[in-house]
Structures are given as structure tokens and as C-alpha cells.
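If you want the building blocks of each chain, they are given just below.
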Amino acid sequence: LYADLCRRLAGDPLVAELVEAWAWDVPLRLLAGLHFLVLAGRASWDDVPGALRSEADFLRTFVAEQGVQTNEVQRSWVLLPLFLRVVERTGARSLELVELGPSAGLNLVWDRYGYRYAAGSWGPTGAELVLEGEERSPVPARLLAVRPEVVRRVGIDRAPIDVTPDEGARLLTSFVWADQRTRIARLHAAIEALRGDPPELIRGDLVDSLPDVLDARHPEALTIVFQTAVLGYVGDDERARLRQTLALAGASEPLVFVSTGRPRSDGVAWGLRITYWPGGDREFAGHADYHGSWLEWKL
């Protein structure tokens, strides 16, 4: 659907009238704005030119002001073994989660989903959302026997989305490709799992806000700070400040950083890394697809 639309809209003068400043993500913003209108019953994919004309004011504002915001829940299928490995190594049974760039926080409630791996299943009985993928090397059964308790969930994002009201859920859904029905169904199931007890979402810069969050750590839980994709959008100086903040906070009491990103040796997949403080010891846990469709476990 979107490939066809992009071909048809690339030279459309109606689109040019809606865009004040061109950037790499303008097509994503425009398609999301159209999807939002379709979800709200204000437009149809059968008459996109009509929507460009009748909803021009809405689309012009959406494209100019609404940043791209996604929350790929399938990534939790990759994150779960990382969290379980932390518990296995540290012996912690209670966890405090701090996510950098959480969007709506759907990956902060990973323990409410069900999971399937070659060695077995994990998660609450009767979970409405069950995640699975391709294991290029298996997650060991010993990890799936670990059952930590999450006692606090905090996310830091410059523009978090509250999906407890329908408007927020519609906005987050709008950034998923409209004809990727499985992905949309997965997103909606995750939203329902979050709504009963949503995490705390802090609006702010992740580097500037993190010290205050870590100063208020839960006294009886191991704090895990994690990120999936957000560090790809910050500069080298911000990354250095983040590492400094984590090292300083981890010098006085245990702290763990779980991070996914492109490894130096392989630019076509994520590298999965865990850093433990005090000490700053690192583990490389494997590789994974950006959206979590496959996992190659190394530990």
C-alpha cells in the first residue's frame, strides 16, 4: 500500500502544498497523518487525493509538528532473554525498569506478554499477546526458568504517547504501515495489556532526566536501564554523557544497562549488549533483527 502511495504522491502538487520543510521522515509523517484520518473515519485509502484536499489543514499541521513515533512490541521477544540473563547473573529477583525512548512504554510491560522459544515458553498463563520469532541459535532453557518481579517501570521520552485514551492509541497505530495487519493486531494487544497499570512516562531529554530518575531508585530492586533504538538518534556528546551518568550511578550501588545497536562488525543487525556496575563489566549476548523477528543468542 505505502509503496504504491509513495510512487503516486512523489510528484503530486497537493503534497507539495502540505510540506513547509522537507526532511527524510516527511513521507512517514504524511502517511501516518493519512492513516490517522482513516482510523478516525475521516478519510479512505480509496480516495487519498480527496483527503489531501479536504483535510489539508490537519495534514499540514501533522506533518510539521508530529514526530515519527513507533513502539515495536516484537522487540520484547529479543529483550526478554537479556533481562533473564541479568537476573541469572546477579541473582536479583526484583527489578526496576528505566527505558530510554519508550514511546508509549509498551516494552516496559514485557512481563505481561507470553513468549515462545525452542526450549519452552515464558510468561503469564492466558496472556493475550504471545510473541515468537526465528531463533538462529536457541535461548537456553535455564533462562526460561527465571521469573523476576518488576516493581517499578519508568520511561523517559521527549514526546511520549499516552495510549490509555483512544486518541493516543490511534496516534501510535497511525505510524504502523496500514496494511501490516499482524503488526497492528500485536500493537493493540500490547496496548490493552498496558492500560490496566501503565508505566510512568517522563517527558524530557533522556540524558538530562536520567540522573534524577536514578537518584530515586527503588531501594530493594535491581535497576535495569535499557534502550532499543533511541541511541541511533543522539550525538556522540550525548552518548558520552549517558555513559558517564550510568558509570557514576553504578559506582555506588548495582546498576545494569541493556542496549541494542549496530555492532562494529555487522551493520545489518543489532548487537545485544549488557553492562554491569559496579565495575562496568560487559557481555555480548548476540545479534537480532531491528524489529525483533529473529534472534541469534550467544550466551
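Everything below is about the structure printed above this text.
Here the structure is a predicted model, which means the values were calculated and not measured.

What counts, and where the lines are drawn
- Residues numbered from 1 in each chain as written.
- Predicted model: local features only at pLDDT ≥ 70, side-chain atom pairs only at ≥ 80, totals over all residues.
- Heavy atoms only, no water.
- Core = buried A, V, L, I, M, F, W, Y, C linked by side-chain atoms within 4.5 Å.
- Buried < 20%, exposed > 50% of the residue type's maximum accessible area, 1.4 Å probe, protein only.
- Helix = DSSP H or I, 4+ residues; strand = E, 2+ residues; numbered from the N terminus.
- Contact = heavy atoms within 4.5 Å.
- Phe/Tyr/Trp six-rings, centres within 6.5 Å; stacked < 30°, edge-to-face > 60°.
- Lys NZ or Arg CZ within 6 Å of the ring centre and 35° of its normal.
- Axes fitted to C-alpha atoms, helices over the stretch in contact; angles between N-to-C directions.
- Parallel < 35°, antiparallel > 145°, perpendicular 65-115°, else oblique.
- Left-handed = near helix turned anticlockwise from the far one by under 90°.
- Pairing = 2+ DSSP bridges.

Another aspect to go through is the nonpolar core. One finds Leu106, Trp110, Tyr113, Tyr115 and Val258 to be the most contacted residues of the largest nonpolar core, which totals 56 residues. The dominant element in this core, judged by the number of residues it contributes, is helix H6 (residues 76-90), at nine residues. Beyond its immediate chain neighbours, meaning those up to four positions away, Val258 contacts Leu79, Leu82, Phe83, Val86, Ile224, Val225, Phe226, Gln227, Arg273 and Ile274. With 20 residues, the next largest nonpolar core counts Leu18, Leu31, Leu52 and Ala56 among its residues.

All right, on to the packing of aromatic side chains then. Within this structure, the stated rule accounts for 13 aromatic pairs. With 5.4 Å between their ring centres and 35 degrees between their planes, Tyr2 and Trp177 make a pair best called tilted. Highlighted residues: Tyr2 in helix H1 (residues 2-9) and Trp177 in the loop between helix H8 (166-174) and helix H9 (181-195), separated in sequence by 175 residues. Overall, Tyr2 belongs to the buried group, its relative accessible area being 5%. Their ring planes at 65 degrees and their centres at 5.9 Å tell us that Tyr115 and Trp122 sit as a pair that is edge-to-face. What links up through ring pairs into an aromatic cluster is the set Trp77, Phe83, Trp110, Tyr115, Tyr117, Trp122 and Phe226. Just above the ring of Phe58 sits the side chain of Arg42; from NZ or CZ to the centre is 4.9 Å. The side chain of Arg89 reaches across the aromatic face of Tyr276, ending 4.0 Å from its centre.

Between H1 and helix H3 (residues 26-39), the shortest axis-to-axis distance is 11 Å and the interhelical angle comes to 115 degrees. What the angle tells us is that H1 and H3 run roughly perpendicular. The way H1 lies across H3 gives a crossing that is right-handed. Of the residues in H3, those in contact with Tyr2, Leu5, Cys6 and Leu9 of H1 are Leu30, Leu31 and His35.

What follows deals with the sheet that holds strand S9 (residues 255-261). Read across the open sheet, the nine strands follow the order S5-S12-S11-S10-S9-S8-S1-S6-S7; overall the sheet is mixed. Either end of the sheet is taken by a strand with one partner, and the two such strands are strand S5 (134-137) and strand S7 (200-203). Ignoring strand direction, the axes of neighbouring strands in this sheet form an average angle of 20 degrees. Note that strand S8 (residues 222-227) and S9 share five bridges and pair parallel. If you follow Gln227 over to S9, its bridge partner there is Ser259.

Nothing here speaks to function; it is all geometry.
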